[in-house]
Amino acid sequence: MPFKLPNQRKVPVFKKQLEDGVVAEANNDGTIYVNSNANIDRETYNRAIKHEMKHMEDMEIGKADYGDEWVMWNGDIFFRKEVNGEKVIDGPNGRWPEGHPNHPWEAEAIEAEDE
């Protein structure tokens, strides 16, 4: 089911097996994946889509981007690492696990869940 970004572009949403604990993810190819193994209710699904749509919007306007080994936020590059078996990003607010709300890109996407 496609959703629309503010500029009215449709964003395709696909089910895909994702890492345990990951409900959905925005991709820089313009798509969103929803975890095919996640047993989620409609409200959780809608919140996840709003969250990922915020990431898509940020990527579309050049505020955010990412690669396998880095995340870009507001023009600054932050590196992904694995520390003691945990995936982390050395972000502007320190080292936090990927997806942690202390990363500013995640904090903004979490806020968008309630819009």
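Residues numbered from 1 in each chain as written. Predicted model: local features only at pLDDT ≥ 70, side-chain atom pairs only at ≥ 80, totals over all residues. Heavy atoms only, no water.

Participant: Describe in detail the environment of N37, supporting the description with residues and values.
Facilitator: The topology assignment puts N37 in the loop between β5 (32–35) and α1 (42–60). A relative accessible area of 52% means that N37 is categorised as exposed. Along the backbone, N37 and Y66 are 29 residues apart, and their C-alpha atoms lie at a distance of 24 Å. (Helix = DSSP H or I, 4+ residues; strand = E, 2+ residues; numbered from the N terminus. Buried < 20%, exposed > 50% of the residue type's maximum accessible area, 1.4 Å probe, protein only.)

Participant: So what's going on with the packing of aromatic side chains? Which residues, and what values?
Facilitator: One pass over the structure, following the stated rule, counts two aromatic pairs. Between F78 and W105 the ring centres are 6.1 Å apart and the planes differ by 35°, which places this aromatic pair in the tilted class. Of the two residues, F78 is situated in strand β8 (residues 76–83) and W105 in helix α2 (residues 104–112); the sequence distance between them amounts to 27 residues. By the burial criterion, F78 is buried, and W105 matches it. Taken together, the ring pairs connect W73, F78 and W105 into an aromatic cluster. (Phe/Tyr/Trp six-rings, centres within 6.5 Å; stacked < 30°, edge-to-face > 60°.)

Participant: Can you tell me about the sheet that holds β8, naming the residues and giving the values?
Facilitator: Pairing within the open sheet is antiparallel, and its five strands lie in the order β6-β7-β8-β9-β10. The open sheet terminates on both sides in strands that have one partner only, identified here as β6 (64–67) and β10 (94–97). The sheet shows a mean angle of 25° between the axes of neighbouring strands, direction not considered. Bridge analysis of β6 against strand β7 (residues 70–73) gives four bridges, and the strand direction is antiparallel. Note that in β7 the partner of G67 across the bridge is W70. (Pairing = 2+ DSSP bridges. Axes fitted to C-alpha atoms, helices over the stretch in contact; angles between N-to-C directions.)

Participant: Kindly report on the side chain of H103, identifying the contributing residues and their values.
Facilitator: With respect to the element layout, H103 can be found in the loop between β10 and α2. In this structure the side chain of H103 is engaged in a polar contact, spanning 3.2 Å, whose partner is the backbone oxygen of W96. (Polar contact = N/O pair within 3.5 Å; in protein donor to acceptor, adjacent residues only side chain to side chain.)

Participant: Can you explain the pairing of β5? Please cite residues and give values.
Facilitator: Neither face of β5 is left uncovered, since the one carrying I32 and V34 and the one carrying Y33 and N35 both have all their residues buried. Across four bridges, the pairing between strand β3 (residues 13–16) and β5 is parallel. Residue pairing in the sheet places K15 in a bridge with V34 of β5. In textbook terms, the turn of a hairpin is the stretch between consecutive antiparallel strands, and for strand β4 (residues 24–26) and β5 this stretch comprises five residues, one of which, G30, has a positive phi near 90°.

Participant: Go over α1, please, and point to the residues and values.
Facilitator: Counted at 1.5 Å a residue, the expected span for α1 with its 19 residues is 27 Å, and the 26 Å between its end C-alpha atoms agrees. For α1, the set of buried residues is Y45, A48, I49, H51, E52, M53, K54, H55, M56, D58 and M59. Between the side-chain oxygen of the N-cap and the backbone nitrogen of E43 there are 3.2 Å, and the N-cap of α1 in question is D41. Backbone geometry just after α1 places G62 at a positive phi near 85°. (Expected span 1.5 Å × (residues − 1).)

Participant: Could you give me a rundown of α2, with the residues and numbers involved?
Facilitator: Considered for burial, the residues of α2 that qualify are P104, W105, E106, A109 and A112. Buried residues along α2 sit in contact with α1, β7, β8 and β9 (86–91). (Contact = heavy atoms within 4.5 Å.)

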